[in-house]
Amino acid sequence: MELVSSIRHDGDGGVVDDLKTVQGATRWLQQQPAGSLAPRELVVDEELREAIVGVRQSVRALFARAVSPARPSPADAHRLMPAAEALAHLNAAAARELVAPQLEWPAEGPPVARLLSAEDDPRVRLVAALARDAVDFLGGPEREQLRACHAPRCVRYFIRSHGRQEWCKPSCGNRARVARHYERTRGTATGEG
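To keep things clear, this report deals only with the structure shown in the data block. Because the structure is a prediction, the values reported are computed rather than measured.

## What about the nonpolar core?
Link 1 in the chain: Counting residues in each nonpolar core, the largest one holds 34 residues, and the members touching the most others are I52 and V55.
Link 2 in the chain: Mapped onto this core, the elements with two or more residues apiece are α1 (22-31), α2 (46-67), α3 (83-94), α4 (122-138) and β5 (146-148).
Link 3 in the chain: A per-element tally of this core places α2 first, with 10 residues.
Link 4 in the chain: If we ignore the near neighbours within four places in the chain, the residues touching I52 are L3, L19, L29, L126, V127 and L130.
Link 5 in the chain: Of all hydrophobic cores here, the second largest spans seven residues; its members include A151, C154, F158 and C168.

## Points about the pattern of salt bridges
Link 1 in the chain: With the rule as written, the count across this model stands at nine salt bridges.
Link 2 in the chain: Residue D45 pairs with R123 through a salt bridge whose shortest N-O separation is 3.0 Å. Note that D45 is positioned in the loop between α1 and α2 and R123 in helix α4, a separation of 78 residues in sequence.
Link 3 in the chain: We classify D45 as partly exposed; its relative accessible area is 30%.
Link 4 in the chain: Between R123 and E47 there is a salt bridge, with its nearest N and O atoms 3.8 Å apart. Highlighted residues: R123 in helix α4 and E47 in helix α2, separated in sequence by 76 residues.
Link 5 in the chain: What makes E47 exposed here is its relative accessible area of 58%.
Link 6 in the chain: Through salt bridges with shared partners, one network takes in D45, E47 and R123.

## A look at the packing of α2 against α4
Link 1 in the chain: Where α2 meets α4, the closest approach of the two axes is 10 Å, and the angle between their N-to-C directions is 5°. For the element pair α2 / α4, the angle class is roughly parallel. From α2, E47, L48, A51, I52, V55, V59, L62, F63 and A66 reach across to α4, where they touch R123, L126, V127, L130, A131, A134, F137 and L138.
Link 2 in the chain: Counted by class, the contact of α2 with α4 contains 15 nonpolar, no polar and two charged residues.

## A look at the environment of E144
Link 1 in the chain: With respect to the secondary-structure elements, E144 resides in the loop between α4 and β5.
Link 2 in the chain: According to the relative accessible area criterion, E144 is partly exposed, its value standing at 48%.
Link 3 in the chain: For the pair E144 and A66, spaced 78 residues apart in the sequence, the C-alpha separation amounts to 7.7 Å.

## A word on the packing of aromatic side chains
Link 1 in the chain: In this structure the tally under the stated criterion is two aromatic pairs.
Link 2 in the chain: Taking 5.4 Å as the distance between ring centres and 80° as the angle between the ring planes, the aromatic pair formed by F63 and Y157 counts as edge-to-face. Taken as a pair, F63 in helix α2 and Y157 in strand β6 (residues 157-159) lie far apart in primary sequence, 94 residues in all. The pair F63 / Y157 is uniform in exposure class, with both members buried.
Link 3 in the chain: One aromatic cluster is present, built from ring pairs that chain together F63, F137 and Y157.

## Quick look at the packing of α2 against α3
Link 1 in the chain: It is at 8 Å that the axes of α2 and α3 come closest, and there the two elements cross at 135°. Between α2 and α3, the angle falls in the class oblique. Considering how the two elements wind past one another, α2 and α3 form a crossing that is left-handed. Of the residues in α3, those touching α2 at G54, V55, S58, V59, A61, L62 and R65 are A83, A86, L87, H89, L90 and A93.
Link 2 in the chain: Partitioned by chemical class, the residues of the contact of α2 with α3 number nine nonpolar, three polar and one charged.

## Description of the side chain of Q165
Link 1 in the chain: Along the chain, the position of Q165 falls in the loop between β6 and α5 (170-189).
Link 2 in the chain: Looking at Q165, its side chain comes within polar contact range of the main-chain nitrogen of S161, at 2.6 Å.
Link 3 in the chain: What Q165 contacts, discounting residues up to four positions off in sequence, is F158, I159 and R160.

Definitions and cut-offs
- Residues numbered from 1 in each chain as written.
- Predicted model: local features only at pLDDT ≥ 70, side-chain atom pairs only at ≥ 80, totals over all residues.
- Heavy atoms only, no water.
- Core = buried A, V, L, I, M, F, W, Y, C linked by side-chain atoms within 4.5 Å.
- Buried < 20%, exposed > 50% of the residue type's maximum accessible area, 1.4 Å probe, protein only.
- Helix = DSSP H or I, 4+ residues; strand = E, 2+ residues; numbered from the N terminus.
- Contact = heavy atoms within 4.5 Å.
- Salt bridge = Lys/Arg side-chain N within 4 Å of Asp/Glu carboxyl O.
- Axes fitted to C-alpha atoms, helices over the stretch in contact; angles between N-to-C directions.
- Parallel < 35°, antiparallel > 145°, perpendicular 65-115°, else oblique.
- Nonpolar A, V, L, I, M, F, W, Y, C, P; charged D, E, K, R; others polar.
- Phe/Tyr/Trp six-rings, centres within 6.5 Å; stacked < 30°, edge-to-face > 60°.
- Left-handed = near helix turned anticlockwise from the far one by under 90°.
- Polar contact = N/O pair within 3.5 Å; in protein donor to acceptor, adjacent residues only side chain to side chain.

Read these as spatial facts, not as claims about activity.
Dropping the structure here:
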């Protein structure tokens, strides 16, 4: 969800792409929890930025498919990658790193499952990990709760946490209610209502 949310509303009616530049991609990676995606010393260049953006484009296209027949996020609804292409791209990115599950079970405490990688290049590991996370999400039960927020100016996808949730955040719900109120009062004032 963090990768997909790197396209977001800017607060002024526009859309911000956190991965638009190498500097932006570097900043986005550094903002992720320590060690969760890549070592801090990883240097982002244009090739890596494009690989990360490619995974994000694939995931956003597949998220649009997952929320169908509801509308996809308006941020990229007009330029979505075809679903078959997105699926092939995501699977290819995930397959770039061969991993084997390993079980560690200390004498004290519960067992822990980890993925052991034979890949030395942290850039390959990063892109593959982003793709695997998306594969796990899209193939898992949470996908059924995936929604696109349709509050004015919002471009996020979110996981619905309760049955009546329509927006990603309370502020989006407030914006939607204000917009509906404005439309009703404007319609009444112009004689349309």
